[in-house]
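Okay, here's what each chain looks like letter by letter:
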Amino acid sequence: MSARDLRGLARALLFNIVFYGWTFLYGFFALLFLAAPRALALPVAVFWNRSAIAITAAVAGIKLEVKGRENIPANPAVFAIKHQSAFETIALPVILDDPIFVMKRELFRIPIYGWYFARLGNIGIDRSGGPSAIKTIVRRAERALQQGHSILIFPEGTRVAPGAKGEYGPGVAALYTMLQVPVVPVAVNSGLFWGRRSFVKNPGTVTIAFLPAIAPGMERQAFMAELERRIETVTGRLIAAARVEKTVEKRAL
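Predicted model only: the values in this text are computed from it and were never measured. (Residues numbered from 1 in each chain as written. Predicted model: local features only at pLDDT ≥ 70, side-chain atom pairs only at ≥ 80, totals over all residues. Heavy atoms only, no water.)

Asks: Would you mind going over unusual backbone geometry with me for this structure?
Replies: Backbone geometry follows two general trends: most residues other than glycine have a negative phi, and most peptide bonds adopt the trans configuration. Phi at Asp-98 is positive, roughly 50 degrees, even though this residue is not glycine. Mapped onto the secondary structure, Asp-98 falls in the loop between α3 (87-95) and β3 (100-104). When its relative accessible area of 16% is taken as the criterion, Asp-98 is described as buried. Located in the positive-phi region is Gln-180, a residue other than glycine, with phi close to 55 degrees. Turning to its location among the elements, Gln-180 is positioned in the loop between α6 (170-179) and β6 (183-188). (Helix = DSSP H or I, 4+ residues; strand = E, 2+ residues; numbered from the N terminus. Buried < 20%, exposed > 50% of the residue type's maximum accessible area, 1.4 Å probe, protein only.)

What follows is the structure, encoded as structure tokens:
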């Protein structure tokens, strides 16, 4: 094992100790607000998100860059996000104003973290529910939009590795056709730095890019093709650019 690999392992170990140690300690404080009114519980949750981003930058060397803020609508909308890492689930509640996630219902069972997701009104998916589950998602998303919340959905339903593409599911299409609000595609390269089930975190810059919104009114199949094209094209560019930058850095060392 090279000295570089050993440094990476040591950095990863330190990150996990600091990140999860802080999360564990903060969790006890957060429990005090779990049953509090939502107006009090929300800032407690978002403070953890902000602190997690700061720890990730300081210890793991993973910084956050946001592109395309001008494409974030002034009014509530649906955001369809490429999902490569846990990092975007941490960063998006900080970037956007009190959004509501559409997420796997099983995540609500995670102590404290998942309980807060449920407490703040995020929408849990019963993935075995079929058409009835889609109707529930649309109904709850419509209510959240009326209350001033944007909806965040991962069209592929789960994290995928950089360069891979999952199947874009029917949930985002149902939200688009039924709710008649803009859908903002979001591209990421986070999997290069915070990989799925990866102990080692790679230093670099995670880019979250908000793309121009797709206006309501497209036919369902055409919308899905356009959404996938936009997300995958820009995600590919972000990954390629990050890999080139990393290669340049290695040559400079």
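Asks: Please clarify how the packing of helix α2 (residues 38-60) against α3 should be interpreted in this entry.
Replies: How two helices pack is summed up by the angle between their axes together with the distance between the axes. Remark: α2 packs on α3, axes separated minimally by 9 Å, with the N-to-C direction vectors making an angle of 125 degrees. Taken together, α2 and α3 sit at an angle that is classed as oblique. Of the two possible hands of crossing, α2 and α3 adopt the one that is left-handed. For the pair α2 and α3, the contacting residues are Val-46, Trp-48, Asn-49, Arg-50, Ala-52, Ile-53 and Thr-56 in the first and Phe-87, Thr-89, Ile-90, Ala-91, Pro-93 and Val-94 in the second. Split by residue class, the contact of α2 with α3 holds 9 nonpolar, 3 polar and 1 charged. (Axes fitted to C-alpha atoms, helices over the stretch in contact; angles between N-to-C directions. Parallel < 35°, antiparallel > 145°, perpendicular 65-115°, else oblique. Left-handed = near helix turned anticlockwise from the far one by under 90°. Contact = heavy atoms within 4.5 Å. Nonpolar A, V, L, I, M, F, W, Y, C, P; charged D, E, K, R; others polar.)

Asks: Just checking my understanding: could you explain helix α5 (residues 131-146) for this structure?
Replies: What sets the pattern is the α-helix's 3.6 residues per turn: residues three or four places apart point alike. Spanning 16 residues, α5 covers 23 Å between terminal C-alpha atoms, matching the ideal 22 Å at 1.5 Å per step. If you check which residues of α5 are buried, you get Ala-133, Ile-137, Val-138, Ala-141, Ala-144 and Leu-145. Down the axis of α5, the buried set is contained in an arc of 135 degrees. They therefore lie on one face. The outward face of α5, more than 90 degrees from its buried face, is lined by the exposed residues Pro-131, Lys-135 and Gln-146. Those residues of α5 that are buried are in contact with β3, β4 (123-125), β5 (151-153) and α6. Backbone geometry just downstream of α5 places Gly-148 in the positive-phi region, at approximately 95 degrees. (Expected span 1.5 Å × (residues − 1). Arc of directions from axis to C-beta.)

Asks: What exactly am I supposed to notice about the nonpolar core here?
Replies: Across soluble globular proteins, nonpolar side chains show a tendency to be buried alongside one another. Core analysis: the biggest nonpolar cluster contains 44 residues, and Phe-19, Phe-79, Leu-92, Ile-95, Tyr-116, Ile-208 and Phe-210 have the highest contact counts within it. Core analysis: the second largest hydrophobic core is formed by 26 residues, Ala-141, Ala-144, Ile-153 and Ala-174 among them. (Core = buried A, V, L, I, M, F, W, Y, C linked by side-chain atoms within 4.5 Å.)

Asks: Help me understand the side chain of Asn-16, please; the structure alone is not making it clear to me.
Replies: Within the secondary structure, Asn-16 sits in helix α1 (residues 3-31). Those residues within four positions of Asn-16 in sequence are excluded, and the remaining contacts are Gly-21 and Phe-199.

Just geometry here; none of it tells us what the structure is for.
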